[in-house]
Structure formats: structure tokens, C-alpha cells
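Summary of the model geometry
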Amino acid sequence: CYIVPIFQMNYLKRKRILDCYYSINIDKKGLVLNNYLNGLLQILIPYVLLYWSGFLITITSKTSDFYRFEYYVPLFFLVLLFIISIYSINTFIVSQSNTNIDATINLLFVSFFITIILSTFNLLFITFSKENNTLIDVECFVQFYPLVTVGNYYNNLIIQEKYYDYTYWDLPTLSE
């Protein structure tokens with residue numbers, strides 16, 4: 001979801017390639033949509049193949065009694081939704097950048113540096129606050145936070161409760 005948008009929108013960064021593409025009898029929206037869908041397929045096809053081959057390996061293994069397989073299907077579609085969302089956001093960021101270096105810096109900034117800045121403010125707020133029980137949840141600003149939360153929730157649902165090691169796993173709640 002990070003590398004593919006840079007390669008798919010690379011034609012926007014080079015004048016010679018851009019002139020070649022714009023000389024074709026296709027409108028700009030169609031060209032961008034074509035590159036967007038092409039990149040999306042480059043991400044989704046390996047995801048689908050790996051997810052369902054892992055599912056088949058798990059269901060045919062000796063440890064298949066440990067899992068509840070009815071939660072694999074909704075998890076597949078939720079992760080698919082997150083992949084499409086992250087790819088779309090990253091494609092927009094890359095398409096608005098002037099060069100590939102700018103695109104990489106913008107992607108890093110949006111993904112990680114905002115969280116570092118918010119964590120620093122959170123630490124300063126805790127340090128200079130009279131009430132130390134006030135915390136700002138800065139992890140929710142990370143691009144992958146919803147995916148991690150939903151993934152942990154479904155992980156707890158997939159593993160059957162009788163096989164839980166309660167000292168390690170938490171019971172699934174939506175409030176996490």
C-alpha cells in the first residue's frame with residue numbers, strides 16, 4: 001500500500017512520460033482511474049491468494065480444533081476494506097506530491113511522524129500536568145490503529161475460549 005502508489009503515479013512525476021500519456025486519446029480521469037485500479041489489483045490479488053491459502057492450510061492442519069473458522073470470512077472483508085482505504089489515502093498523497101522523494105517523505109510524515117509529535121505533546125502534558133491520570137490516546141492517530149484493533153478483536157474470536165491462556169490473552173471487547 002506504500003510502494004505500489006509510488007510506482008503507479010510515477011508517470012505524473014516525469015515530464016517525458018507525462019507527455020506520452022497525455023498524447024494518448026484518453027482523458028486524465030480515465031488514466032488516473034486505470035493506474036489506481038491496476039495498483040489496487042497488484043495489492044489485492046496477492047492478499048486474496050495468501051489469505052485463503054493460509055486458511056486452507058490452517059483448516060487442514062492438526063491444530064484446526066483450536067480455531068473457530070466462521071470468523072475468517074468477516075475478517076477477510078474487514079482487512080480488505082482497510083487495504084483499500086490505506087491504498088486510496090496513500091495514492092492521493094502520492095498524486096499530490098511533485099517528486100517521488102516528496103511522495104515518500106509525505107507518506108512517512110502522514111504515517112508515523114504525526115504520531116511521534118502527538119506522543120511528544122502527550123508526554124509533555126503528562127509531565128507538566130498536576131493530574132497524572134489524564135492521557136491522550138495518540139496511538140489512534142497511527143494509520144494502522146483501526147486495523148490492529150479489529151485484528152486483535154477477531155484474533156480473540158477465532159481462538160476458541162477453551163484454549164485461551166488467560167494470563168496472555170484478553171477477552172474480546174469492542175472498547176479496546
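Worth saying up front: this structure is predicted, and the values here are computed from it rather than measured.

Focus: the overall build of the chain
Each helix and strand in the chain was counted, giving six helices and zero strands. Residues counted as buried form 30% of the 176 residues belonging to the chain. Residue pairs in contact within the chain that sit at least 24 positions apart in sequence constitute 64% of those at least 6 positions apart. When the accessible area of the chain is evaluated, it comes to approximately 12,000 Å², of which 67% is carbon and sulfur surface.

Some details on the packing of helix α3 (residues 28-60) against helix α4 (residues 72-95)
Close contact between α3 and α4 brings their axes to 11 Å; oriented N to C, the two are set at 155 degrees. Considering their axes alone, α3 and α4 lie roughly antiparallel with respect to each other. In this structure, α3 meets α4 at a crossing whose hand is right-handed. Two secondary-structure elements touch here, α3 through Asn35, Tyr36, Gly39, Leu40, Ile43, Leu44, Tyr47, Val48, Tyr51, Trp52, Phe55 and Thr58 and α4 through Tyr72, Val73, Leu75, Phe76, Val79, Leu80, Ile83, Ile84, Tyr87, Ser88 and Thr91. Here the residues of the contact of α3 with α4 sort into 18 nonpolar, five polar and no charged.

Thoughts on the nonpolar core
Among the nonpolar cores identified, the biggest contains 19 residues, and Tyr47, Tyr51, Tyr72, Leu75, Ile83 and Tyr87 are the most heavily contacted of them. Counting residues per element, the ones that place at least two in this core are α3, α4 and α6 (145-158). Once residues lying within four places of it in the same chain are set aside, the contact partners of Tyr51 are Tyr72, Leu75 and Phe76. Judged by nonpolar contacts, the second largest core, of nine residues, contains Ile6, Tyr11, Val94 and Leu107.

Observations concerning a nonpolar patch on the surface
Taken together, the side chains of Leu108, Phe109, Phe112, Phe113, Ile116, Ile117, Phe121, Leu124 and Phe128 present a nonpolar region at the surface, about 910 Å² in accessible area. If you trace the backbone, Phe128 turns up in helix α5 (residues 100-128).

Brief notes about α3
Look at α3: 48 Å from first C-alpha to last across 33 residues, which is about the 48 Å you get at 1.5 Å a residue. Listed in full, the buried residues belonging to α3 are Leu31, Asn35, Tyr36, Gly39, Leu40, Ile43, Leu44, Tyr47, Tyr51, Phe55 and Thr58.

Considerations on the confidence of the model for the chain
When pLDDT is averaged across the chain, the result is 79; 82% of the residues are at 70 or more. Element-level pLDDT for the chain is lowest in helix α2 (residues 15-22), with a mean of 72, against a maximum mean of 91 in α3.

Some points on the packing of aromatic side chains
Summed over the entire model, instances satisfying the criterion amount to 15 aromatic pairs. Ring centres of Trp52 and Phe55 lie 5.3 Å apart, and the angle between their planes is 80 degrees; on these two criteria the pair is classed as edge-to-face. Of this pair, Trp52 and Phe55 both sit in helix α3, three residues apart, which is roughly one turn of the helix. Exposure remark for Trp52: the relative accessible area of 26% places this residue in the partly exposed category. Using a relative accessible area of 15% as the deciding quantity, one classes Phe55 as buried. Both rings, one in Phe55 and one in Phe69, keep their centres 5.6 Å apart while their planes meet at 85 degrees; by these two values the pair is edge-to-face.

What counts and how
Residues numbered from 1 in each chain as written. Predicted model: local features only at pLDDT ≥ 70, side-chain atom pairs only at ≥ 80, totals over all residues. Heavy atoms only, no water. Helix = DSSP H or I, 4+ residues; strand = E, 2+ residues; numbered from the N terminus. Buried < 20%, exposed > 50% of the residue type's maximum accessible area, 1.4 Å probe, protein only. Contact = heavy atoms within 4.5 Å. Areas by Shrake-Rupley, 256 points an atom, 1.4 Å probe, with all protein chains shown as cover. Axes fitted to C-alpha atoms, helices over the stretch in contact; angles between N-to-C directions. Parallel < 35°, antiparallel > 145°, perpendicular 65-115°, else oblique. Left-handed = near helix turned anticlockwise from the far one by under 90°. Nonpolar A, V, L, I, M, F, W, Y, C, P; charged D, E, K, R; others polar. Core = buried A, V, L, I, M, F, W, Y, C linked by side-chain atoms within 4.5 Å. Patch = residues over 30% accessible without salt bridge, like charges linked within 9 Å, V, L, I, M, F, W, Y side chains within 5 Å. Salt bridge = Lys/Arg side-chain N within 4 Å of Asp/Glu carboxyl O. Expected span 1.5 Å × (residues − 1). pLDDT = per-residue confidence, 0-100. Phe/Tyr/Trp six-rings, centres within 6.5 Å; stacked < 30°, edge-to-face > 60°.

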